[in-house]
Amino acid sequence: MSQAPDVLRIAVAQLNPTVGDIAGNLAKAREARADAARHRADLVLFTELFISGYPPEDLVMKPAFLAACERAVREFAEDTADGGPGVVIGVPLARGALRHNSVMVLDGGKVTAERHKVDLPNYGEFDEKRVFHEGPMPGPVDFRGIRLGIPVCEDIWGDLGVCETLAESGAEILLVPNGSPYYRGKIDVRHQVVIRQVIESDLPVLYANQLGGQDELVFDGGSVVYDHSGVLAAEAPQFSEGLYPVDFVCEHHCQPISQPAVAEPSLEENVYKALVLGVQDYVNKNGFKSVVLGLSGGIDSAVTLAVAADALGADRVRAVMMPFRYTSGMSVEDAEAEAVALGVQYDVFSIEPMYDAFMKTLAAPFEGTQPDTTEENLQARLRGVLLMSLSNKFGSLVLTTGNKSEMAVGYSTLYGDMAGGFDVLKDVPKTLVYKLSHWLNREREIIPQNVLTKEPSAELRPGQRDTDSLPPYDLLDPVLLRYIEEDCSIEE
């Protein structure tokens, strides 16, 4: 065993990998290791399944993909022959007939150890038991005289005793690579999970979390370090990609050197950053040139437009106002003001001629009937056709603008305002949309005051208001929270 250093500097690589982009992820890892060397780090800790991207889902069912991932890591291992930082990196591995969610430890030009995830999550957004096999209970890994325990993500969330086993077998530090998605309040949950493992193992924990968007998931980073007594020693900011070095003094035992606290963002700032990151990565990782959305003069499309402009830049965003006879003059003015404030391309295309043509065609079959939601939905569907035509012609992704409150109760039009590729606000309740709007206006008016104060309306018939069909949102949203998020019964 090599002589343990007095100070072990570990650089947490809180980075944004892309699922399936093995070459790109390897290049990003190499760049991070070079940066860590400039910081005089001894070890770089990457996040869960970094080389494949997380979650890789059915890609790991392909033997060629698994082989390519392992080749990339072994190639990376050769880089460590330079005497610079060692590496702990997540990689899917095939071992015989088994597939594992694993980490490999690289040092001295070779792979010195591998460990496999024991506790595979199979709830909510996780589906790992279908594609991976459980690993054996791990022991510590010797790294330059320090015994590292490397539980992987769910290994510290579950109750299988992985951390306790590592502590009993001599681990001095727990390094935890994670792929933990964001939700409101998740950061506090993670801290409690880490503290519980610190208390049970009496070991310091370095929790490294992935950053970035992958389909409907957003990973927020927020990596943390706790000392063996359960005191927060260091943390990386949420939604910030980077390399974050932490020093551990390893004399009688290993303890992190405390760093200044990171400022805690407001709920609105936190949610807004999650939305921006989610849009940015969905658009860029899927190869879209730009986005287009319908701008109605309402609050949902206004917030969606702001998110898109911050995620992609104004030059990649096109807003389209599609007025009809029921569209108020105020809505037209507000939509233009929003587009001007953000500097995006803005067009106005009336749907009146198209609507009249459809109604002329439908005059015979509709004879003797009264106008109802059919005519209202036709307006929404004509707008969807316009946006999808612009999408096809110019390679733009259509962003839809429905919020969670509307989506949860079906207050939308199939093939109309639901037509598109990505709904930015699909998990944001209407009451939170209003809070985001006020937060956006904290320094200058991005969303006109009219939009914040006027009563919500789809403007599909004269005098229409959302409350014609729905309870007020300040009543509806708490009901949806209890029913959807908290699994309360109808009676509750």
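Remember, predicted model here, so these are calculated numbers, not experimental data.

### Description of the side chain of S102
Now for step 1: Tracing the chain through its elements places S102 in strand 4 (residues 98–107).
Now for step 2: In this structure S102 comes out as buried when scored by relative accessible area, which is 1%.
Now for step 3: Of the polar contacts made by the side chain of S102, one reaches the side chain of H116; its length is 2.7 Å.

### A closer look at the pairing of strand 8 (residues 173–178)
Now for step 1: The element strand 8 is largely enclosed, with a buried count of six among its six residues.
Now for step 2: Burial along strand 8 is two-sided: the residues I173, L175 and P177 and L174, V176 and N178 are all buried.
Now for step 3: With two bridges connecting them, strand 7 (residues 146–149) and strand 8 associate as parallel partners. Bridged to L148 within strand 8 is I173.

### Some remarks on the state of the cysteines
Now for step 1: Under the definition given, this model contains one disulfide.
Now for step 2: Two residues share a disulfide in this structure: C250 and C254, whose sulfurs sit 2.3 Å from each other. Classification of the bridge connecting C250 and C254 rests on its S-S torsion, roughly 120 degrees, and on that basis the disulfide is right-handed.
Now for step 3: Here C153 stays free of any disulfide, with the sulfur of C163 as its closest cysteine sulfur at 11 Å.

### Description of the sheet that holds strand 13 (residues 232–235)
Hydrogen bonding along the main chain pairs the strands of a sheet, whether they run parallel or antiparallel.
Now for step 1: Taken together, six strands build an open sheet; the order of strands is 6-7-8-9-12-13 and the sheet is mixed. One side of each edge strand has no neighbouring strand; the edge strands of this open sheet are strand 6 (141–143) and strand 13. Within the sheet, the average angular offset between the axes of one strand and its neighbour, ignoring direction, is 25 degrees.
Now for step 2: Pairing of strand 12 (residues 224–226) with strand 13 involves three bridges; the strand directions are antiparallel. When the sheet's bridge partners are listed, V225 is paired in strand 13 with A234.
Now for step 3: Against the sheet, helix 6 (residues 186–201) makes contact with strand 8, strand 9 (205–209), strand 12 and strand 13, and its axis sits at roughly 30 degrees relative to strand 12, the strand it touches most.

### Here's the deal with the sheet that holds strand 15 (residues 254–256)
Now for step 1: In space, the seven strands of this open sheet follow the order 5-4-3-2-1-14-15, with mixed pairing throughout. Two strands bound the open sheet, and with one partner strand each, they are strand 5 (110–116) and strand 15. Direction aside, the axes of adjacent strands within the sheet are offset by 35 degrees on average.
Now for step 2: Sheet topology places strand 2 (residues 43–45) next to strand 3 (residues 86–95); three bridges connect them, and they run parallel. Among the inter-strand pairings, V44 is bridged to a residue of strand 3, identified as V87.
Now for step 3: Against the sheet, helix 1 (residues 22–38) touches strand 1 (7–14), strand 2, strand 3 and strand 14 (242–250), its axis set at about 50 degrees to strand 14.

Thresholds applied
Residues numbered from 1 in each chain as written. Predicted model: local features only at pLDDT ≥ 70, side-chain atom pairs only at ≥ 80, totals over all residues. Heavy atoms only, no water. Helix = DSSP H or I, 4+ residues; strand = E, 2+ residues; numbered from the N terminus. Buried < 20%, exposed > 50% of the residue type's maximum accessible area, 1.4 Å probe, protein only. Polar contact = N/O pair within 3.5 Å; in protein donor to acceptor, adjacent residues only side chain to side chain. Pairing = 2+ DSSP bridges. Disulfide = S-S within 2.5 Å. Axes fitted to C-alpha atoms, helices over the stretch in contact; angles between N-to-C directions. Contact = heavy atoms within 4.5 Å.

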